[in-house]
Amino acid sequence: MNNELNESVLIEILDSHGRVQMRERIALNAGKRTFTLGRAVAADVTLDDAHAAALHATVEITPEGSMLVSDLNSTNGIIVSGKRHRNAQSIEISDGLLQIGRTRLRLRTTHEKLAPEKPDHLRPASILHDPACLAGIGALAGVAQLGYTTWLGVPRDLATILVTTLISAIAAASVWVAFWALLSRMLRGEWRWLRHAAIFLGVAAVFFAINGLLELGWFVFSLPQWSTRAAWVGAIALGCALYLHLIHASNITARRAAIVACIVPALSGGAGQWVQERLQMRDVNYIGASLRIYPPSLRLRAAGTAEAYFQSATALREAADKKRKSTRADEDDSESADEE
């Protein structure tokens, strides 16, 4: 009996991002288990919404905790679970969310089951879930891998190339993170800078690590060159980054985010690969050779002979000469056609 006297319902008015803007509590008892919502002062919960009727709807809380809403012959009806109902009676609000006019409400009763309390202290295991820590780890790993890759290429001026590459990488990362942070602000009401920075830097670090390991593995096992390896790994990394960004920046479902994360990299990667191949075919100076240099001791297979190397170089020169002559012949034909 005391539980019935102390029973109440909490009405929360939410903004477009699902955050609570205002709360109002209504006491319930055996004689009163219903309340009205509308724009009039006579309503138990008055809404400041021009799209709500004077007395728009009534809500009944059963003793078992179920919430039943009825429309009071309003023009716009009520929206429950994303579906609009007009002149409907005793519609159950299963998830506690109700929309009247353009006002979103969440109803909570004493029968509500709450999630366990979250600890407010920092545990060692929670460091990996901290966006700031993840962003810092990703940044350090990315800088280290970028420096190693630049050094491995044996440039003439390592410091200049490294600084230039770092500036370009920082500029690209800033633009990318700013775009997703702005999208989060528009769709979720929060900037989430660190979260999107952690996603970008983490995925970039994993991409460089996997690509480097694959390249080293190709050298160690003397596998034939796979020119599109980096493009495929990059497409997968872009898809993973898009999926995580979409999940944290918008209200899109995980399934739709996965579909977008698969379609966008496939289309962009395929178009980019086609353009690159076309440009390489027209470039007579292009030679598909890797610039990475590894110690010969890393090889697990015997190296080729000097004769085989010179034969390969001769064949490469003949192929380049043939390609150059073909290009010149095409240019001469086009000039003759223009003169005629």
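Residues numbered from 1 in each chain as written. Predicted model: local features only at pLDDT ≥ 70, side-chain atom pairs only at ≥ 80, totals over all residues. Heavy atoms only, no water.

Section: the side chain of arginine 192
Within the element layout of this structure, arginine 192 appears in the loop between helix 3 (158-187) and helix 4 (193-220). Residue classification places arginine 192 among the buried residues on the basis of a relative accessible area of 18%. One polar contact links arginine 192 to glutamate 190, side chain to side chain, over a distance of 3.0 Å. With residues near it in sequence (within four places) discarded, arginine 192 still touches Ser184 and His248. (Helix = DSSP H or I, 4+ residues; strand = E, 2+ residues; numbered from the N terminus. Buried < 20%, exposed > 50% of the residue type's maximum accessible area, 1.4 Å probe, protein only. Polar contact = N/O pair within 3.5 Å; in protein donor to acceptor, adjacent residues only side chain to side chain. Contact = heavy atoms within 4.5 Å.)

Thoughts on the environment of alanine 181
In this structure, alanine 181 sits in helix 3. With relative accessibility at 0%, the residue alanine 181 sits in the buried group. Between the C-alpha atom of alanine 181 and that of leucine 194, which follows or precedes it by 13 residues, the distance is 8.9 Å. Residues contacting alanine 181, with those up to four places away along its chain left out, are Glu190, Trp191, Trp193 and His196.

Examining the environment of threonine 46
Checked against the element boundaries, threonine 46 lands in strand 4 (residues 45-46). A relative accessible area of 37% places threonine 46 in the partly exposed class. The spatial distance from the C-alpha of threonine 46 to the C-alpha of threonine 36 is 8.6 Å, given a sequence separation of ten residues. One polar contact links the side chain of threonine 46 to the main-chain carbonyl oxygen of alanine 40, over a distance of 3.2 Å.

Section: the sheet that holds strand 9 (residues 91-92)
Read from one edge of the open sheet, five strands run 4-3-5-6-9, paired in mixed fashion. Each edge of the open sheet is held by one strand with a lone partner, namely strand 4 and strand 9. With two bridges connecting them, strand 6 (residues 67-71) and strand 9 associate as antiparallel partners. For valine 69, the partnering residue across the bridge sits in strand 9 and is isoleucine 91. (Pairing = 2+ DSSP bridges.)

Details of the sheet that holds strand 10 (residues 97-100)
Pairing in this open sheet of six strands is antiparallel, and the strands run 2-1-11-10-7-8 from one edge to the other. Strands at the two margins of the open sheet, each flanked by one partner only, are strand 2 (20-27) and strand 8 (83-85). In this sheet, adjacent strand axes meet at a mean angle of 30° when their direction is disregarded. Summarising the sheet, strand 1 (residues 8-14) and strand 11 (residues 103-109) pair through six bridges and their orientation is antiparallel. Paired with leucine 10 across the strands is arginine 108, a residue of strand 11. (Axes fitted to C-alpha atoms, helices over the stretch in contact; angles between N-to-C directions.)

Some thoughts on helix 2 (residues 131-152)
A rise of 1.5 Å per residue sets the reference length of helix 2, with its 22 residues, at 32 Å; its end C-alpha atoms lie 31 Å apart and thus fit the reference within 8%. Of the surrounding secondary structure, the elements contacted by the buried residues of helix 2 are helix 3 and helix 4. (Expected span 1.5 Å × (residues − 1).)

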